[in-house]
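Here are the chains, one letter per residue:
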Amino acid sequence: MLMEAILVGLWAALCGIDKFDIFTGIHRPLVTGTVVGLILGDLQMGLIAGATFELAWLGLVANAGVQPPDTTVGAIVGTMFAIKLDMSPEAAIGMAIPFALAMQTLVIFLFTSCAPMMQKADEYAEECNIKGIDNLLYTGLSLRAALYAIVGFSAIYFGANGAVFIQEYLPEDMVKGMAIAGGMMPAVGFAMLLRTMFNTHILPYFFLGFVCTTYFDLPILAVAVIFTSIAVLDYLNQKQSKNNEESNAKEFNDEL
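Computed from a prediction, not measured in an experiment: that's the story for all the values here.

Novice: For the pattern of salt bridges, give the residues involved together with the corresponding values.
Specialist: The full count for this structure, using the stated rule, is 4 salt bridges. In this structure, Lys84 and Glu4 form a salt bridge, with 3.9 Å as the shortest nitrogen-oxygen distance. Here the residue Lys84 occupies a position in helix H4 (residues 71–84), and Glu4 occupies one in helix H1 (residues 2–22), the gap between them amounting to 80 residues. For Lys84, a relative accessible area of 31% puts it in the partly exposed group. For the salt bridge of Lys19 with Asp70, the shortest nitrogen-to-oxygen distance reads 2.9 Å. You can see Lys19 sitting in helix H1 and its partner Asp70 sitting in the loop between helix H3 (43–56) and H4, a full 51 residues away along the chain.

As structure tokens, this is what we get:
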């Protein structure tokens, strides 16, 4: 259990760095749940749980100082519950939400605590002290990585005992209720995502994809390939059109 907790803590630290600095996507539940499942010895459940959490939290994206419930820690805790308690991923979502909300509070507290560093960064900038600015950046990055590492480690190392307690004393009806609520979360996630995508330029593609999957029974991968091809062709056509316009404008100017 100690080695598993250490590995999850290291992964959580990488996710903490990626989430606010690099953004490769490894901090998303789909990847995090899979990796945690691999560490805990159940890759299949980790993949299923991660995919379920990704659908539920698809629209939760940080916007400047506004931080949504932390999807990374939620995925870590939820996957742990799904594996250790042998519960459905839908029920695990309900169990993980309080932890995600608690991590949200910790992240906001950390950001607030680091606010005085901005004034120091301004002073270093006026002095052209590049090394000082670098040190401030590395300090903030290290603090955030350490926070995620501690929470990730604690979730696995101490959460196992909590999982046993929940398994023994939590009423079965409450677990079923969480499973029902968790089953509704993917619909909420899609609704939140569509709210940001709802514009006249993108909406036709959404309905075309819906028709392809519903009426033509095309698999998701086939639909993804089709619309990726359409996006590439559209980009190339727009680029060609722009080049033609620039060429015509140049010829017109030359004639003048």
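Novice: With reference to specific residues and values, describe unusual backbone geometry.
Specialist: Excluding glycine, a negative phi dihedral is what most residues carry, and trans is how most peptide bonds are arranged. Within the chain, Cys128 stands out as a residue other than glycine whose phi angle is a positive 60°. Note that Cys128 resides in the loop between helix H6 (116–126) and helix H7 (130–157).

Novice: Before we move on, could you go through a nonpolar patch on the surface and cite the residues and values that matter?
Specialist: Together, Tyr205, Leu208, Phe210, Val211, Tyr215, Phe216, Leu218, Ile226 and Ile230 give the surface a local cluster of nonpolar side chains, amounting to about 840 Å² of exposed area. In terms of residue count, helix H10 (residues 203–214) provides more of the nonpolar patch than any other element does, 4 residues in total. Accessibility expressed as a relative area gives 43% for Phe210, which makes it partly exposed.

Novice: Quick rundown of the side chain of Arg144? Include the residues and the values.
Specialist: One can find Arg144 in helix H7. The class for Arg144 is buried, based on a relative accessible area of 9%. Look past the residues within four positions of Arg144 in its chain and what remains in contact with it is Gly16, Phe20, Asp21, Leu110 and Phe111.

Novice: Give a description of the packing of aromatic side chains that names residues and reports values.
Specialist: If you walk through the whole model with that rule in mind, you get 5 aromatic pairs. Here Tyr157 and Phe158 contribute two aromatic rings whose centre-to-centre distance is 5.1 Å and whose plane-to-plane angle is 90°, an arrangement assigned as edge-to-face. A ring pair is formed by Tyr205 and Phe227, whose centres lie 6.3 Å apart and whose planes are at 80°; its orientation type is edge-to-face. On the criterion of sequence distance, the pair formed by Tyr205 in helix H10 and Phe227 in helix H11 (residues 220–255) is long-range, its members being 22 residues apart.

Cut-offs applied
Residues numbered from 1 in each chain as written. Predicted model: local features only at pLDDT ≥ 70, side-chain atom pairs only at ≥ 80, totals over all residues. Heavy atoms only, no water. Salt bridge = Lys/Arg side-chain N within 4 Å of Asp/Glu carboxyl O. Helix = DSSP H or I, 4+ residues; strand = E, 2+ residues; numbered from the N terminus. Buried < 20%, exposed > 50% of the residue type's maximum accessible area, 1.4 Å probe, protein only. Patch = residues over 30% accessible without salt bridge, like charges linked within 9 Å, V, L, I, M, F, W, Y side chains within 5 Å. Areas by Shrake-Rupley, 256 points an atom, 1.4 Å probe, with all protein chains shown as cover. Contact = heavy atoms within 4.5 Å. Phe/Tyr/Trp six-rings, centres within 6.5 Å; stacked < 30°, edge-to-face > 60°.

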